[in-house]
Amino acid sequence: MSLSLHLSSNITLFLPAFSFTPLFCPNLTLPSHLFPCKINLHHRRLSRRHRRHGPAPKFVWRPTSAPCGKFQNLKNPRFSYYLMSGKGGSRCFLSRNACQGDADDFRDDSESEDEEVEHEELDLEDDDNAPSIDRWDVLGLGQAMVDFSGVIDDDFLVRLSLEKGRRKVVNHEERGKVLHAMDGCSYKAAAGGSLSNSLVALARLGSQPAGGPILNVAMAGSIGSDPLGGFYRAKLRRAGVNFLSAPVKDGTTGTVIVLTTPDAQRTMLAYQGTSSTVSYDAGLSAAVSKTKMLVLEGYLFELPDTIKSITKACEDAHGSGALVAVTASDVSCIERHYDDYWEIIGNFADIIFANSDEARALCHFSAKESPIAATRYLSHFVPLVSVTDGPSGSYVGVKGGAVYIPPSPCVPVDTCGAGDAYASGILYGILRGVSNLKDMGTFADRVAAVVVGQQGTRLRVQDAVELAHSFEFHLENTAI
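Everything numeric in this text was worked out from a predicted model, so none of it was measured. (Residues numbered from 1 in each chain as written. Predicted model: local features only at pLDDT ≥ 70, side-chain atom pairs only at ≥ 80, totals over all residues. Heavy atoms only, no water.)

Looking at the overall build of the protein chain
Phase 1: Summing up its helical and strand segments, the protein chain has 14 helices and 20 strands in all.
Phase 2: Residues counted as buried form 57% of the 480 residues belonging to the protein chain.
Phase 3: In the structure as shown, the protein chain presents an accessible area of about 20,000 Å², 51% of it carried by carbon and sulfur atoms. (Helix = DSSP H or I, 4+ residues; strand = E, 2+ residues; numbered from the N terminus. Buried < 20%, exposed > 50% of the residue type's maximum accessible area, 1.4 Å probe, protein only. Areas by Shrake-Rupley, 256 points an atom, 1.4 Å probe, with all protein chains shown as cover.)

Observations concerning the packing of aromatic side chains
Phase 1: All told, the structure shown has nine aromatic pairs when counted by the stated rule.
Phase 2: On the numbers, 6.4 Å between centres and 50° between planes, the contact of Y428 with F471 is tilted. On the criterion of sequence distance, the pair formed by Y428 in helix α12 (residues 418–431) and F471 in helix α14 (residues 461–479) is long-range, its members being 43 residues apart.
Phase 3: The class for Y428 is buried, based on a relative accessible area of 1%.
Phase 4: Ring plane angle 15° and centroid distance 4.1 Å describe the contact between F443 and F471, whose orientation is recorded as stacked. One end of the pair, F443, is in helix α13 (residues 437–452); the other, F471, is in helix α14, with 28 residues separating them in the sequence.
Phase 5: Judged by its relative accessible area of 5%, F471 is buried.
Phase 6: Among the aromatic side chains, those forming a connected cluster through ring pairs are W342, F365, Y377 and F381.
Phase 7: Against the face of Y299 rests R167, its NZ or CZ located 3.9 Å from the ring centre. (Phe/Tyr/Trp six-rings, centres within 6.5 Å; stacked < 30°, edge-to-face > 60°. Lys NZ or Arg CZ within 6 Å of the ring centre and 35° of its normal.)

Quick word on the sheet that holds strand β12 (residues 242–243)
Phase 1: Judged by pairing direction, the sheet is mixed, and its nine strands sit side by side in the order β12-β11-β7-β15-β16-β17-β18-β19-β20 without closing on themselves. If you trace the sheet from one side to the other, it starts and ends with β12 and β20 (401–405), each paired once.
Phase 2: Sheet analysis places strand β17 (residues 351–355) next to strand β18 (residues 384–388), joined by five bridges and oriented parallel. Residue pairing in the sheet places A354 in a bridge with V387 of β18.
Phase 3: Against the sheet, helix α10 (residues 356–363) contacts β17 and β18, and its axis sits at roughly 115° relative to β17.
Phase 4: Against the sheet, α13 makes contact with β18, β19 (394–398) and β20, and its axis sits at roughly 45° relative to β20, the strand it touches most. (Pairing = 2+ DSSP bridges. Contact = heavy atoms within 4.5 Å. Axes fitted to C-alpha atoms, helices over the stretch in contact; angles between N-to-C directions.)

Some words on empty space enclosed by the protein
Phase 1: In this model, the largest cavity occupies a volume close to 40 Å³.
Phase 2: The wall of the largest cavity is formed by L195, S198, L199, V295, T327, F353, A423 and L427.
Phase 3: Looking at the lining of the largest cavity, the elements with two or more residues in it are α4 (194–205) and α12.
Phase 4: For the lining of the largest cavity, the element with the highest residue contribution is α4, accounting for three residues. (1 Å grid on protein atoms, 1.4 Å probe; cavity = no way out; pocket = protein on both sides within 12 Å on 5 of 7 lines; lining within 4 Å. Points joined across faces, edges and corners; volume = space filled by probe spheres on them.)

What to know about the pairing of strand β16 (residues 323–327)
Phase 1: Buried residues dominate β16, accounting for five of its five residues.
Phase 2: By the alternation rule, side chains of β16 split into L323, A325 and T327 and V324 and V326, which are all buried.
Phase 3: Taken together, the five bridges between strand β15 (residues 293–297) and β16 define a ladder with parallel strand orientation. Residue pairing for β16: V295 is matched across the bridge by A325.
Phase 4: Where the polypeptide runs from β15 across helix α7 (residues 306–319) and back to β16, its parallel neighbour, the crossover connection is right-handed.
Phase 5: Bridging between β16 and β17 involves three bridges; their strand directions are parallel. (Right-handed = clockwise from strand over helix to strand, strands pointing away.)

Re the pattern of salt bridges
Phase 1: Inspection of every chain in the model, using the stated rule, returns 10 salt bridges.
Phase 2: The salt bridge involving D316 is made with K312; its shortest N-O contact spans 3.6 Å. With D316 and K312 both in helix α7 and four residues apart, the pair spans about one turn of that helix.
Phase 3: Looking at K312, the relative accessible area reads 37%, which means it is partly exposed.
Phase 4: Note that D357 and R360 form a salt bridge whose closest N and O atoms lie 2.9 Å from each other. Residue D357 and its partner R360 are located together in helix α10, separated by three residues, close to a single helical turn.
Phase 5: Here D357 falls in the partly exposed class, since its relative accessible area comes to 44%.
Phase 6: Each of D154, K164 and D263 takes part in a single network of salt bridges with overlapping partners. (Salt bridge = Lys/Arg side-chain N within 4 Å of Asp/Glu carboxyl O.)

A few points about α4
Phase 1: Between its first and last C-alpha atoms α4 spans 17 Å; for 12 residues at 1.5 Å apiece the expected length is 16 Å, and the two agree.
Phase 2: Residues L195, S196, N197, S198, L199, V200, A201, L202, A203, R204 and L205 constitute the buried set of α4. (Expected span 1.5 Å × (residues − 1).)

Some thoughts on the packing of α4 against α12
Phase 1: Between α4 and α12, the least distance of the axes is 8 Å, while the angle of their chain directions is 45°. One way to sum up the angle between α4 and α12 is to call them oblique. Considering how the two elements wind past one another, α4 and α12 form a crossing that is right-handed. Contacts from S194, N197, S198, A201, L202 and L205 of α4 reach α12 at D420, A423, S424, L427, Y428 and L431.
Phase 2: Tallied by class, residues from the contact of α4 with α12 come to seven nonpolar, four polar and one charged. (Parallel < 35°, antiparallel > 145°, perpendicular 65-115°, else oblique. Left-handed = near helix turned anticlockwise from the far one by under 90°. Nonpolar A, V, L, I, M, F, W, Y, C, P; charged D, E, K, R; others polar.)

As for the nonpolar core
Phase 1: Membership of the largest hydrophobic core comes to 71 residues, with the highest contact counts inside it found for M219, Y232, L259, M293 and Y428.
Phase 2: Per-element tally for this core: the top contributor is α12, with eight residues.
Phase 3: Setting aside anything within four residues of it in sequence, one finds Y428 in contact with L202, L205, G206, A210, L215, F443, A468 and F471. (Core = buried A, V, L, I, M, F, W, Y, C linked by side-chain atoms within 4.5 Å.)

As for the packing of α10 against helix α11 (residues 371–378)
In a packed pair of helices, the relevant descriptors are the angle between the two axes and the axis-to-axis distance.
Phase 1: At a minimum axis separation of 9 Å, α10 and α11 run at an interaxial angle of 50°. Comparing their axes, α11 and α10 come out oblique. Crossing handedness for the pair α10 and α11: left-handed. Mapping the contact onto sequence places S356, A359, R360, L362 and C363 in α10 and P371, A374, Y377 and L378 in α11.
Phase 2: When the residues that make up the contact of α10 with α11 are grouped by side-chain class, the tally is seven nonpolar, one polar and one charged.

By themselves these figures say nothing about function.
Structure (structure tokens):
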């Protein structure tokens, strides 16, 4: 016997009967007439209250005459970012000779040496020629921000009164204060973001017709017309993800300063920039109307007046038959925007991705509550729930039940990006028509394990190809 979850006209997920053993669902009893039972993802309980080429460039912050400073590229000083603070917010620009530098002088840490990517000149200007795609497999809507990451000690956080391990939204003055305090420290630049990590991994997993056609993956968000915006868009395009949103005229692209202490805890300072408002224009509406799945990043709730755009996107997505997935993103973000989260989750979400802490925050559970309990609770409101619990494994929840996914063996090197990779595995399984939740969760955990066993947050091209082919081989053998 099994419980089936009907995702669409051609996708049905099967929950093995053993998933409902007392170990995971002690209070769940299902009458025999519900086997097998189909659940339409668009029929939900509504709840408004609940809700490849070398290493990355290293930058050093060089204060100049106030209020201006710059990130200097240690490999090629011609290629440096100048950040200016003023009443209009911080601005970023490149000197003319910097723009004439070679592409190899500027890379981000998502590109590793062993990636099989054809070398091409990196154009920092925006490419307005959007690809002609009849239908996107996945469209992600989230914050488009460039990461500047560096290593600091605990004393640094104490001096600046920064709470360790948390994410904080800062203005341009606060960002400038931190950067001045980091005079002489090295930085790495990357087209960052949790959602972009997941989308790049998904695009690479689906880059070859293993188990199905090549996947078309896109992202929309808000970038400025500054060089950072061009950098972000070009890097995603090069990684296989089409960035659809046009740059905001005279806008500045958001940045995140990622401060990592020796114990591997990250403190993040997000500067949203003057362009960080997602407007639901005709272009975005057209993209949403031709996607199979819309993925919303939880960090969007930090942006002013974005809830209206998110709601409209969800309505149009469901109207065109698309699924809606939501990433929880961050505990502090959930705490600040709890009602907004549940406005979307309770009314529109078909899938939700969270780690154990985020899941508990969404449930208003204490730290004593188990991740299984949070998974089961959320699955009463969201048809498919994915909750990761670090080295302890993960859970996939549906209709009050939870399937436990044991952790894949690996030697951890860098845990950053593990949850993003896991989400890409779940999305890939759904798009490939995988019916067994255990198989899907196990594959997602394998993808995460590969990322944890490397330096950097992005799934490498060759690893993605090998994972996709091995998954196809596994599914073919189990079907025999």
